[in-house]
Protein chains: 2
Amino acid sequence: MKPARTPAPPYYACIFTSCRSETDRGYAVTAQRMIDLARAQPGFLGVESARDADGFGITVSYWESEEAIRAWKSHAEHQVAQATGRDVWYEQFEVRIARVERAYGKA
Amino acid sequence: MKPARTPAPPYYACIFTSCRSETDRGYAVTAQRMIDLARAQPGFLGVESARDADGFGITVSYWESEEAIRAWKSHAEHQVAQATGRDVWYEQFEVRIARVERAYGKA
């Protein structure tokens, strides 16, 4: 994976931080499916994801607007995944919605 | 690592996404030192970091204000690390400064 190629700010970020449980129950397939599905949503700008060997992971998705994030959160298939995530796949998680104000880097 | 325990929004996030080069040259020691040093800065609220087996990593630090982020960026020891990061440790990176508007999770 590479840093997402996002447009000039402002835009929005959804920072999803999680600790995986030891239970798989379809996790890997669903995680990939959710990334593919997110890419197809209106207002999607990019996604970055990393998980370390201890099961701690960060996924940041980037969106044109808060409305686009809300629409993705309420997507029917995503809602099923969110429920299973809360109950089965994640021991802990935090979701933060943030407005990106500025950005710089090395491409 | 666990999701950072941050106060109620608003607060600020510095999202640092990077691809490591194959060169070590003190990377591990400096990366840990920068996390320890960040924790000691005024306005620091928390940090989360994950890097996968392919060298792609995301570190998100949380701060009370943009001013706190700017002060940390200009810290002398951090500036040396940033320069080495750009030249030696990272093939690519992106830094995004964002204002966290809302948050929820499973503790």
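As a starting point, this report considers the structure included with it. (Residues numbered from 1 in each chain as written. Chains lettered and ligands numbered in written order. Predicted model: local features only at pLDDT ≥ 70, side-chain atom pairs only at ≥ 80, totals over all residues. Heavy atoms only, no water.)

On to the overall build of chain A. What chain A contains, in helices and strands, is three helices and four strands. With respect to the principal axes defined by its C-alpha atoms, chain A has extents near 40 × 30 × 20 Å. Across the 107 residues in chain A, those meeting the buried criterion constitute 51%. Put simply, 76% of the contacts in chain A that link residues at least 6 apart link residues at least 24 apart. Here chain A displays about 5300 Å² of accessible surface, and carbon together with sulfur accounts for 50% of that area. The centroid of the 14 positive side-chain charges in chain A is displaced by 5 Å from the centroid of its 14 negative side-chain charges. (Helix = DSSP H or I, 4+ residues; strand = E, 2+ residues; numbered from the N terminus. Buried < 20%, exposed > 50% of the residue type's maximum accessible area, 1.4 Å probe, protein only. Contact = heavy atoms within 4.5 Å. Areas by Shrake-Rupley, 256 points an atom, 1.4 Å probe, with all protein chains shown as cover. Lys, Arg positive; Asp, Glu negative; His and termini not counted. Charge placed at Lys NZ, Arg CZ, Asp CG, Glu CD.)

Glancing now at the relation of the copies chain A and chain B. Take chain A, turn it by 180°, move it 0.0 Å along the axis, and it overlays chain B with an RMSD of 0.0 Å. The symmetry that links the two subunits is that of a two-fold axis. A shared binding surface is used by both copies, with 100% of the interface residues of chain A retained as interface residues in chain B. (Least-squares fit on C-alpha atoms with pLDDT ≥ 70 in both.)

Once that is clear, we can look at helix 2 (residues 66-73) of chain A. Considered for burial, the residues of helix 2 of chain A that qualify are E66(A), A68(A), I69(A) and W72(A). Projected onto a plane normal to the axis of helix 2 of chain A, the buried residues spread over an arc of 160° and lie on a single side. Close packing links the buried residues of helix 2 of chain A with strand 1 (11-20), helix 1 (27-39), strand 3 (56-63), helix 3 (76-89) and strand 4 (90-106) of chain A together with strand 4 (90-106) of chain B. (Arc of directions from axis to C-beta.)

On the chain B side, the residues contacting the 43 residues of chain A number 43 residues. Among the residues of chain A in contact with chain B, R96(A), Y104(A) and K106(A) are the three that bury the most area, contributing 19% of the side total. For the pair chain A and chain B, the number of links is four salt bridges. Residue R102(A) pairs with E66(B) through a salt bridge whose shortest N-O separation is 3.8 Å. (Buried area = accessible area lost by both parts, 1.4 Å probe. Salt bridge = Lys/Arg side-chain N within 4 Å of Asp/Glu carboxyl O.)

Taken in spatial order, the eight strands line up as 2(A)-3(A)-1(A)-4(A)-4(B)-1(B)-3(B)-2(B) in an open sheet, and their pairing is antiparallel. Looking along the sheet, the strands with just one partner apiece sit at the ends: strand 2 (44-51) of chain A together with strand 2 (44-51) of chain B. Averaged over all pairs of adjacent strands, the angle between strand axes in this sheet comes to 25°, irrespective of strand direction. For strand 2 of chain A and strand 3 of chain A, the ladder comprises seven bridges, and the chain directions are antiparallel. Directly across from R51(A), in strand 3 of chain A, lies its bridge partner G57(A). (Pairing = 2+ DSSP bridges. Axes fitted to C-alpha atoms, helices over the stretch in contact; angles between N-to-C directions.)

Moving on: the pairing of strand 2 of chain A. Counting buried positions along strand 2 of chain A gives six out of eight residues, so the element sits mostly inside the fold. The antiparallel hairpin formed by strand 2 of chain A and strand 3 of chain A contains four residues in its connecting segment, where G55(A) sits at a positive phi of about 90°.

In this description, a pair of aromatic rings is defined by centroid distance and the angle of the planes. The tally for this structure, following the rule as stated, stands at 16 aromatic pairs over all chains. By way of ring pairs, the aromatic residues F16(A), Y27(A), W89(A), Y90(A) and F93(A) are connected into one cluster. The residue whose ring lies beneath R96(A) is Y62(B), and the NZ or CZ to ring-centre distance is 4.1 Å. (Phe/Tyr/Trp six-rings, centres within 6.5 Å; stacked < 30°, edge-to-face > 60°. Lys NZ or Arg CZ within 6 Å of the ring centre and 35° of its normal.)

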